[in-house]
Amino acid sequence: MANSNSADAMCSYPAREAVGVFANPDALEAAVNELEVSGFSRAAISVLASDEKVRERVGRLYRTVGEIEDDRRAPQTGFVSKESVEGSEAAAVGIPCYLGAVAAVAFIASGGALAATIAAAVAGGVGGAGLGALLARAISHHHRDHILVQLAQGGMVLWVNVGDAAAESRAQQILTKAGADHVHVHEIEREWTLKDRPLSDVQPDPFLLGER
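Residues numbered from 1 in each chain as written. Predicted model: local features only at pLDDT ≥ 70, side-chain atom pairs only at ≥ 80, totals over all residues. Heavy atoms only, no water.

Chemist: Sorry, what's going on with the pairing of strand β2 (residues 45–48) here?
Modeler: Along any regular strand, the residues point their side chains to alternate faces of the sheet. As paired strands, β2 and strand β4 (residues 156–161) are joined by 3 bridges and run antiparallel to one another. Bridge pairing links Ile45 to Val160 in β4. With 3 bridges joining them, β2 and strand β3 (residues 76–78) adopt antiparallel strand pairing. Bridging across to β3, Leu48 finds its partner in Gln76. (Pairing = 2+ DSSP bridges. Helix = DSSP H or I, 4+ residues; strand = E, 2+ residues; numbered from the N terminus.)

Chemist: Even after reading the chapter, I still don't get the nonpolar core, so can you show me in this structure?
Modeler: One finds Phe22, Leu28, Leu35, Phe40, Leu158 and Leu175 to be the most contacted residues of the largest nonpolar core, which totals 21 residues. The residues contacting Phe22, other than those within four sequence positions of it, are Ala27, Leu28, Ala31, Leu151, Gly155, Met156, Leu158, Leu175, Ala178, Gly179 and Ala180. Judged by nonpolar contacts, the second largest core, of 11 residues, contains Val54, Val58, Val157 and Trp159. (Core = buried A, V, L, I, M, F, W, Y, C linked by side-chain atoms within 4.5 Å. Buried < 20%, exposed > 50% of the residue type's maximum accessible area, 1.4 Å probe, protein only. Contact = heavy atoms within 4.5 Å.)

Chemist: Help me understand helix α2 (residues 51–58), please; the structure alone is not making it clear to me.
Modeler: Because the α-helix completes a turn every 3.6 residues, residues three or four places apart line up on one side. Buried residues of α2: Lys53, Val54, Arg57 and Val58, and no others. On an axial view of α2, the arc spanned by its buried residues comes to 100 degrees, and they lie on one face. For α2, the elements touching its buried residues are β2 and β5 (181–192). In the segment just after α2, Gly59 is the residue with positive phi, at about 95 degrees. (Arc of directions from axis to C-beta.)

Chemist: Explain the sheet that holds β3 here, please?
Modeler: By way of backbone hydrogen bonds, the strands of a sheet pair with one another, either parallel or antiparallel. In space, the 5 strands of this open sheet follow the order β3-β2-β4-β1-β5, with antiparallel pairing throughout. A strand with exactly one partner marks an edge of an open sheet, and here the two such strands are β3 and β5. On average, each strand axis in the sheet is inclined to that of its neighbour by 40 degrees, with strand direction left out of account. Along the sheet, helix α1 (residues 25–37) contacts β1 (11–22), β2 and β4; its crossing angle with β4, the most-contacted strand, is approximately 10 degrees. (Axes fitted to C-alpha atoms, helices over the stretch in contact; angles between N-to-C directions.)

Chemist: Would you mind showing me how to read the pattern of salt bridges here?
Modeler: Pairing of side chains with opposite charge becomes possible as their charged atoms draw close. The final tally for this structure, using the stated rule, is 7 salt bridges. Between Arg190 and Glu17 there is a salt bridge, and its shortest N-O distance comes to 2.9 Å. On the criterion of sequence distance, the pair formed by Arg190 in strand β5 and Glu17 in strand β1 is long-range, its members being 173 residues apart. Note that Arg63 is salt-bridged to Glu67, the shortest N-O span being 3.6 Å. Where salt bridges share partners, they join Arg16, Glu168 and Glu187 into one cluster. (Salt bridge = Lys/Arg side-chain N within 4 Å of Asp/Glu carboxyl O.)

Chemist: What is the right way to read unusual backbone geometry from this model?
Modeler: In most cases, non-glycine residues show a negative phi, while peptide bonds are predominantly trans. A positive phi angle, close to 55 degrees, is found at His182, a residue other than glycine. Relative to the assigned elements, His182 resides in strand β5.

Chemist: Would you mind going over the pairing of β1 with me for this structure?
Modeler: Relative to β5, β1 runs antiparallel, the two sharing 10 bridges. Looking at the pairing, Val21 lines up with Asp181 of β5. In the sheet, β1 pairs with β4 via 6 bridges, with the strands oriented antiparallel. Among the inter-strand pairings, Glu17 is bridged to a residue of β4, identified as Asn161.

Have a look at this one:
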């Protein structure tokens, strides 16, 4: 499919994927961990991308999980672990505090009185901590809301690229053991653009969450 914008240019490729639907985020994360331990790379594992990506690709949000599982247009993204989210939250809290401290040091260098410097440091620390807390909350809510939307649709879909019969069997066993429903394997012609490169939907910088 031709497009004047190279980033939007659509192409398709054949994929064979094991599919499972999880009603519990912790069970999905356990499945991802087990898949990696058993030899699947993180690049072979994907979940549904953000609502923005879904609207951009499909034109609307999905109503049920059944619409998602085998839809070739369903935009995929890399799985983000709970640890990664917590790390982003920690960074969101720490960075503004650090900037507040830097501002206080700069004030000292400018020759400010000691009392004023202490006041500036306290104000900077409190301001930084407050901003960091807001950013951390935004990250947490963003991740939680994405999960809640999927659960409301019937569950969280996990796709695993399988290259051969052995990988196919192994992936299905892991998904079933972890508690996934609708476990099956499909052959599908996936649609892809440059915007769909791995983890393009993941925003690692908490300061840019508002720019999605």
